[in-house]
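Descriptive structure summary
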Amino acid sequence: MRLTFLSFSILLGSTLLAPKVVQAQKTKSVSFAYLPEQSYDRYNQRVSQKTLSQSDGGFLILAHKSVSGYAVERYDGELKRVWSTDLPLTAEESIEGFAQSNQQATVVIYRKTSAAQQLTAYTFDLKTGQKSAGKKLIEAGLRDRRPGVTFSPDGTHTIAWRYLTREQQIKAILANVYDAQLSQVKERTYDFHDQGAFFSTTVSLGNDGTQYVTLLSDGMKKLSVRHYLNTSTEVKVMSVALGGVFGGQEVMVFDTKFSLQPDNTLYAAAICTERKTGLYHSLKAVRFDFTDEGDMKFAPEVKFSPDYLAEVNKATQGTSKRLEDIYLAQLLVNEDKQLVIIAQKQYEEGGENSPIHSRELHLFGYNEFLAPRWHTIINKNQVAPPAEAFSSIGFRAAIFGPDLQLLTEETIKGKSDLYVRHVDMTTGVVQEPKGLGLKVANDQNLAYVKDFTTWADAKTIIGVSRPSKKSAALMLNKIVVK
């Protein structure tokens, strides 16, 4: 269901009003040591979330202390550091993954030598910070594709994999599944010899160790999900056509995003474009549930029509002739099975080592039956130097019941600050941005590190920022919103 003109105007107007300052109390700030990451792939951060909240109000941080050293640190709810354990890295190593369960944190290290590629995991006891010996998860040849790793939503299972290729084409994936103690519980081969020459694949892992392998194939038009149990050799498959020929135009999948929920329900979103023109065609969403006989729900598509482009131009006060540089960013599902898909406009200004821009957010809301309810565009204008890539711009999001909170670092009406917007997941109504009163520095130096932002609860936000131009030090902040 599309927004009426009146309802869209109300949503748009709420985002254009002058921001209000939240009546917030910065209960505590402590100094924070951080060395920006040096990545050869700025668009694909291996670990984009470096602060993990805990049920007692505390949190874990994966801190980059020096060129050759990281540390895993635990803080309590008052920003008191409970323990800090060093994690030194060599020049051949980098961080590949970071997760936690209710007993331990896990950090996965990628290492490339003259002989092989390896993924090695270390665990850290949440009570004491004691680090385990390294556990090799997977090894790949030097010329193979880079191996991968992911975690279950609750952090109790880990899967690492390597690619088996022939003439650069993926033919299979060899995966190892590990439990909470990093004991191997399954070795599995996902065979793709039945696929054509061009396809893409992702691997997701459930809390019970179940694996979900997604495949985009048939000229990037067909989405399939394969379901693997550790206790059975049976492979269940669900497929749906996302592309094809519509109105005489050949349509293909341009971008996808997946989100596996704790109940093992897998949500998928796809932006589809016209093959010949590259024009954005539509947004499609699918829900896969392999419980019992299985159930797949395909949502009615949301068309990127001329009317939608007009809405974007009105929200951003722009004059664009077509939609461009919009990518899927996040899928969020609340306890009532309401879904919000967030896409974001991001691009380089032009050429290597040029500034990076992050612009408007596109939000699409669905009810528990995966029927589209609303959509809206939230205008923002963020720019970062190329060295920071997207670590300081973009957004962070969290859901609390029907309340979706979006946090950004912006300069609005001359005030540089962290701003929160509340979105009602049922109606799509967006409240005006509210500044947290941190007075974030507004200059060419690092002022905010998005990777360390998290919520302890609906009223408590943890973040890292630099308070003023005169200060060179970053601060770890706890903000309680009244």
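Look up: the structure comes first, before these words.
What you see is a predicted model, and the numbers here were worked out from it, not measured in a lab. Within any chain, residue numbers begin from 1 and follow the written order of that chain's sequence. Where totals are concerned, whole chains, interfaces and linings use all residues; where local detail is concerned, this predicted model gives features only for residues with pLDDT of at least 70, and gives and counts side-chain atom pairs only at 80 or more. The basis for every side-chain value is the complete set of non-hydrogen atoms in the structure, without hydrogens or water.

1. Brief notes about the overall build of the protein chain
Helix numbering and strand numbering both begin at the N terminus, where a helix is a DSSP run of H or I of at least 4 residues and a strand a DSSP run of E of at least 2. Each helix and strand counted, the protein chain has 2 helices and 36 strands in total. The quantity called the radius of gyration is restricted to C-alpha atoms. Its globule counterpart is 2.2 Å times the number of residues to the power 0.38. Relative to a compact globule of 482 residues, whose C-alpha radius of gyration would be 23 Å, the protein chain shows 22 Å and is just as compact. Along the longest, intermediate and shortest principal axes, the C-alpha atoms of the protein chain span 60 × 60 × 45 Å. Any residue under 20% of the maximum accessible area for its type is buried, any over 50% is exposed, and the rest in between are partly exposed; the area is computed with a 1.4 Å probe on protein chains only. Counting across all 482 residues of the protein chain, residues that qualify as buried make up 53%.

2. Observations regarding unusual backbone geometry
Positive phi, normally seen in glycine, also occurs at Asp292, with a value near 55°. Secondary-structure assignment places Asp292 in the loop between strand E22 (280-289) and strand E23 (295-298). A positive phi angle, close to 55°, is found at Gln317, a residue other than glycine. Among the structural elements, Gln317 can be located in the loop between helix H2 (306-316) and strand E25 (326-333). Under the relative-accessibility criterion, Gln317 is labelled exposed at 65%.

3. Re the environment of Lys276
One can find Lys276 in the loop between strand E21 (266-274) and E22. Taking C-alpha positions, Lys276 is 55 Å from Asp76, a pair spaced 200 residues apart along the chain.

4. Considerations on H2
Of the residues making up H2, those classed as buried are Tyr308, Leu309, Glu311, Val312, Asn313 and Ala315. Count one or two residues on from H2 and you reach Gln317, which has phi positive near 55°.

5. Quick notes on the packing of aromatic side chains
The aromatic pairing rule takes the rings of Phe, Tyr and Trp, using the six-membered ring of Trp, and pairs them if the centres are within 6.5 Å, calling planes under 30 degrees apart stacked, those over 60 edge-to-face and the rest tilted. In total, this model carries 12 aromatic pairs according to the counting rule given. Geometrically, the ring pair formed by Tyr308 and Phe364 is stacked, given 6.1 Å between the ring centres and 15° between the ring planes. In this pair, Tyr308 sits in helix H2 while Phe364 sits in strand E27 (residues 356-366), placing the two residues 56 residues apart along the sequence. Per residue, the accessibility class of Tyr308 equals that of Phe364, and both read buried. What links up through ring pairs into an aromatic cluster is the set Phe254, Tyr280, Phe304, Tyr308, Tyr327 and Phe364. Ring-over charges, as used throughout, are those where CZ of Arg or NZ of Lys falls within 6 Å of the ring centre and within 35 degrees of the ring normal. Over the ring of Tyr122 we find Lys131; its NZ or CZ atom is 5.5 Å from the centre of that ring.

6. Side note on the pattern of salt bridges
When a carboxyl oxygen of Asp or Glu lies within 4 Å of a side-chain nitrogen of Lys or Arg, that pair is called a salt bridge. Summed over all chains, the structure comprises 18 salt bridges. The residue Glu301 makes a salt bridge to Lys284 at a minimum N-O spacing of 3.8 Å. Here Glu301 is found in the loop between E23 and strand E24 (302-303), whereas its partner Lys284 is found in strand E22, with 17 residues between them in sequence. As a salt-bridge pair, Glu410 and Arg421 come within 2.9 Å of each other at their nearest N and O atoms. With Glu410 in strand E31 (residues 403-412) and Arg421 in strand E32 (residues 415-424), this residue pair connects regions lying 11 residues apart in the sequence. An identical accessibility class is assigned to Glu410 and Arg421; each is buried. One salt-bridge network, held together by shared partners, links Arg46, Glu96 and Arg146.

7. Brief notes about the environment of Phe98
With respect to the element layout, Phe98 can be found in strand E7 (residues 93-100). Take Phe98: its relative accessible area is 9%, and that puts it in the buried class. Contacts were defined at the residue level, with two residues in contact if any of their heavy atoms lie within 4.5 Å. Setting aside residues up to four positions removed in sequence, Phe98 forms contacts with Val47, Gln49, Lys50, Leu52, Leu60, Ile61, Leu62, Ala105, Thr106, Val107 and Phe151.

8. So, the sheet that holds strand E13 (residues 169-178)
Strands qualify as paired when DSSP identifies two bridges or more between them. Read across the open sheet, the 4 strands follow the order E11-E12-E13-E14; overall the sheet is antiparallel. The open sheet terminates on both sides in strands that have one partner only, identified here as strand E11 (148-151) and strand E14 (184-191). For this sheet the average axis-to-axis angle between neighbouring strands, irrespective of direction, equals 20°. Sheet topology note: the E13/E14 ladder contains 7 bridges and is antiparallel. In the strand pairing of E14, Ile173 is matched with Tyr190. For helices, the fitted line uses only the C-alpha atoms of the stretch in contact; every axis is such a line through C-alpha atoms, and the angle between N-to-C directions lies from 0 to 180 degrees.

9. A closer look at the side chain of Thr106
Along the chain, Thr106 falls in strand E8 (residues 104-112). When sequence neighbours within four positions are dropped, the list of residues in contact with Thr106 reads Gly97, Phe98, Ala99, Ala121, Tyr122, Thr123 and Phe151.

10. Some remarks on the nonpolar core
Counting 25 residues, the largest nonpolar core has Leu283, Phe304, Leu323, Leu339, Ile341, Phe364 and Tyr366 as the members making the most contacts within it. Contributing elements (two or more residues each) for this core: E21, E22, H2, E25, strand E26 (339-348) and E27. In this structure, Ile341 is in contact with Ala269, Leu283, Ala285, Leu328, Gln330, Leu331, His362, Leu363, Phe364 and Tyr366, ignoring residues within four places of it in sequence. Here the nonpolar core consists of buried residues drawn from Ala, Val, Leu, Ile, Met, Phe, Trp, Tyr and Cys, with membership extended through side-chain atoms lying within 4.5 Å. Within the second largest apolar cluster, 17 residues are counted, among which are Tyr212, Leu260, Phe288 and Phe290.

11. Considerations on the sheet that holds strand E3 (residues 51-53)
On the basis of which strands lie adjacent, the open sheet formed by 4 strands has the order E3-E4-E5-E6 and antiparallel pairing. Edge positions in the open sheet fall to E3 and strand E6 (81-88), since each of these has one partner strand only. Neighbouring strand axes in the sheet, compared pairwise and without regard to direction, differ in orientation by 20° on average. Note that strand E5 (residues 69-75) and E6 share 7 bridges and pair antiparallel. What sits directly across from Tyr75, in E6, is Arg81.

12. As for the side chain of Lys50
In this structure, Lys50 sits in the loop between strand E2 (24-32) and E3. Any N or O atom pair separated by 3.5 Å or less is treated as a polar contact, with the protein-specific requirement of one donor-capable and one acceptor-capable atom, and with residues adjacent in sequence counted only for side-chain atom pairs. There is a polar contact of 2.8 Å between the side chain of Lys50 and the side chain of Asp451. Excluding residues that lie within four positions of it along the chain, Lys50 makes contacts with Glu37, Gln45, Leu60, Ile61, Leu62, Phe98, Asp451 and Phe452.

Functional significance is not addressed by these values, which are geometric in nature.
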